[in-house]
Amino acid sequence: MSKHHVTATINGEATEFLCEPQQTLLDALRDIMNLTGSKEGCGSGDCGACSVIVDGRLVCSCLMLGVEAEGHKIETIEGLAVNGKLHPLQQKFLEHAALQCGFCTPGFLVAAKALLDRNPNPDETEIRYWLAGNLCRCTGYDKIVRAVTDAAAELRG
Amino acid sequence: MPTLSYVAPATVKDAVAALSGASGVAKVLSGGTDLLVQLRTGRIKPDLIIDTKKIPGLIGIKDEGGGAFTIGAATPCAELGEHVALGKAWPGVIEAANLIGSTQIQGRASLAGNLCNASPAADSVPAMIAAGVTCVIAGPAGERTVPVEAICTGPGKTSLAKGELLVAFKLPKRGPKSSDAYLRFIPRTEMDIAVVGCGIDVTLDAKGICTAAKVVLGAVAPTAVIVADAAKALIGNKLDDATLAKLDAAARAACKPIDDKRGTIEYRTKVAGVLARRTAAIAFERAGGR
Ligand SMILES: Cc1cc2nc3c(=O)[nH]c(=O)nc-3n(C[C@H](O)[C@H](O)[C@H](O)COP(=O)(O)OP(=O)(O)OC[C@H]3O[C@@H](n4cnc5c(N)ncnc54)[C@H](O)[C@@H]3O)c2cc1C
Ligand code: FES
Ligand code: FES
């Protein structure tokens, strides 16, 4: 089986990796690069736990091949905190208790970041629709929506 | 154990060569939101995946003037939704494309994948057929252009021959007082598969009388259905109660739906009539406002 040599920018760093053609980007991130923040909840595009940003677009890394990352810019949950300082979204999730088991949290944070990157002042409806592809089995969505609203306000300054 | 190969050709010619030269099962990859699910569950076992996204033009939107557009086959639906002029000219096609899945799915899902996956419930398909969209297909014998309705032949089946792939969609020029709309009915508000979908395109005269119409239903038969009687009910008329009743009856008569947990035959048929009324109201209002 021939492995592919892939060059991509991951969280701002030029990265090279070898992966099998059928390996998903999620598996490549987790198993090859040890970036285990992105989770596999369903493997079928329904839960959003594997969310990453590719060239500015939010996608499910479970539905993208690792080889497709060639030449692209990937942002994962590991790139959110800078030098150990939490991103305002992460801080607000803690303050609003917007997580319980935490399995869905990386996906929600990455999805929320993609939203705030393009819309710094989303209303509640916009937040709920944007996050409709992220499922949480324990916390419920109200606290998550409040955390995102609050983080957006802080980021606007 | 069979091994999977992946290629990302840089030209349409190379993609056609790879597709026609493949000895086993070869699959074209656009956004992968259907293909990867099928690959992961083992429903398909391809020997070769041909990724089209490195081919120039396969992702992108070209404004051809007068309401005409060329859309690269693999363009993600999110990109379609962000194109202001496209959404103005073809609000029905774009609202249908933007109904597909979540934000994450929108970031990758394409019109070519939605059409070639050949699900009876594919959202963009009734809207594209209503709008008179055509597909440019490349193959070993060169290029051919066919209407969208010529592609799906049954659930999961297309009329594409070996070595052929879709490279672009062509949206025709738009005359005055014409517009389109798409509505689907799902049991939830997001992230669900259509129980019924309805795409309608109309042209009106200065008095608001319909001079041309196309009505297409999704998810009520093995492929999308063009309801000629429903179009006939609209043409020559304003959208009054009598016209709406005829439209409703024609839409119901065209249904040959399945019975499943998401809707009985009776329910789907009833919803098709209601949805046709609502979609027509939106299309007429949009066309009248031009
Ligand atoms: C969570 C989730 C929600 C979804 N919700 C919806 C929904 O609401 N409505 C809906 O209609 N669909 C929905 N889908 C299905 C899917 O997202 C759409 O059908 C999408 O448009 C497929 O496009 P793609 O580019 O990802 O296709 P791909 O997965 O890349 O391809 C799909 C099929 O088309 C073939 N193909 C792709 N490109 C070409 C080409 N250029 N030429 C020839 N053949 C080609 C492939 O070989 C494959 O068989 C959903 C999927 C998921 C995972
Ligand atoms: S693991 Fe990718 S969407 Fe659930
Ligand atoms: S906190 Fe457990 S799934 Fe969301």
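See the structure shown above.
1. A short note on the pattern of salt bridges
- Taken as a whole and assessed by the stated rule, the structure comprises 24 salt bridges over all chains.
- With its nearest N and O atoms 3.0 Å apart, the salt bridge here joins Arg40(B) to Glu40(A). One end of the pair, Arg40(B), is in helix α2 (residues 35-41); the other, Glu40(A), is in the loop between α1 (25-32) and β3 (51-54), on a second chain.
- Judged by relative accessible area, which is 37%, Glu40(A) ranks as partly exposed.
- One network of salt bridges, with partners in common, ties together Glu68(A), Asp51(B), Lys53(B) and Arg108(B).

2. As for the sheet that holds β3(A)
Residue and element names in this part refer to chain A.
- Spatially, five strands are ordered β2-β1-β5-β3-β4 in an open sheet, and the strand pairing comes out mixed. The outermost strands of the open sheet, each flanked by one partner alone, are β2 (13-19) and β4 (57-60). Recorded for the sheet is a direction-independent mean angle of 40° between the axes of neighbouring strands.
- Bridge analysis of β3 against strand β5 (residues 73-75) gives two bridges, and the strand direction is antiparallel.

3. Brief notes about the sheet that holds strand β6 (residues 134-139) of chain B
Residue and element names in this part refer to chain B.
- With respect to topology, five strands assemble into an open sheet ordered β4-β5-β10-β6-β7, the strand pairing being antiparallel. On the outer flanks of this sheet lie β4 (61-65) and β7 (142-147), each paired with one strand and no other. Adjacent strand axes in the sheet meet at a mean angle of 25°, parallel and antiparallel pairs treated alike.
- Sheet analysis places β6 next to β7, joined by six bridges and oriented antiparallel. The partner of Val136 across the bridge, within β7, is Thr145.
- Against the sheet, helix α1 (residues 12-21) engages β6 and β10 (165-171), with an angle of about 135° to β10.

4. Quick word on the nonpolar core
Residue and element names in this part refer to chain B.
- If you look at the biggest cluster of nonpolar residues, it comprises 79 residues, and the most contacted ones within it are Leu115, Val148 and Phe169.
- For this core, the element with the most residues is β10, which contributes six residues.
- Counting 32 residues, the second-largest nonpolar core is a separate cluster that includes Cys210, Val220, Leu234 and Cys255.

5. Here we look at empty space enclosed by the protein
Residues and elements named next belong to chain B.
- Taken as a whole, this structure holds one cavity of 30 Å³ or more when the rule is applied.
- Reported here for the largest cavity is a volume of approximately 50 Å³.
- In terms of lining, the largest cavity is formed by Ala118, Ser119, Pro120, Ala122, Val125, Pro126, Cys152, Pro222, Thr223 and Ala224.
- Grouping the amino acids of the lining of the largest cavity by side-chain chemistry returns eight nonpolar, two polar and no charged.

6. Observations regarding the site of ligand 1
All names here are of chain B.
- The full set close to ligand 1 counts 33 residues, and Val28, Thr33, Asp34, Leu35 and Ser110 are the nearest of them.
- Within the side chain of Ser110, an N or O atom sits 2.6 Å from an oxygen atom of ligand 1.
- Between ligand 1 and the protein, one listed contact pairs an oxygen atom with a side-chain N or O atom of Asn114 at 2.9 Å.
- Isolated, ligand 1 exposes 990 Å² of accessible area, and the fraction of that covered by the protein chains is 91%.
- Of all the secondary-structure elements, those providing two or more residues to the shell around ligand 1 are β2 (26-29), α7 (111-116) and β10.
- Ranked by residue count, the leading element in the shell around ligand 1 is α7, at four residues.
- Class assignment of the residues belonging to the shell around ligand 1 gives a composition of 15 nonpolar, eleven polar and seven charged.

What counts and what doesn't
Residues numbered from 1 in each chain as written. Chains lettered and ligands numbered in written order. Predicted model: local features only at pLDDT ≥ 70, side-chain atom pairs only at ≥ 80, totals over all residues. Heavy atoms only, no water. Salt bridge = Lys/Arg side-chain N within 4 Å of Asp/Glu carboxyl O. Helix = DSSP H or I, 4+ residues; strand = E, 2+ residues; numbered from the N terminus. Buried < 20%, exposed > 50% of the residue type's maximum accessible area, 1.4 Å probe, protein only. Pairing = 2+ DSSP bridges. Axes fitted to C-alpha atoms, helices over the stretch in contact; angles between N-to-C directions. Contact = heavy atoms within 4.5 Å. Core = buried A, V, L, I, M, F, W, Y, C linked by side-chain atoms within 4.5 Å. 1 Å grid on protein atoms, 1.4 Å probe; cavity = no way out; pocket = protein on both sides within 12 Å on 5 of 7 lines; lining within 4 Å. Points joined across faces, edges and corners; volume = space filled by probe spheres on them. Nonpolar A, V, L, I, M, F, W, Y, C, P; charged D, E, K, R; others polar. Near = heavy atom within 4 Å. Polar contact = N/O pair within 3.5 Å; in protein donor to acceptor, adjacent residues only side chain to side chain. Areas by Shrake-Rupley, 256 points an atom, 1.4 Å probe, with all protein chains shown as cover.

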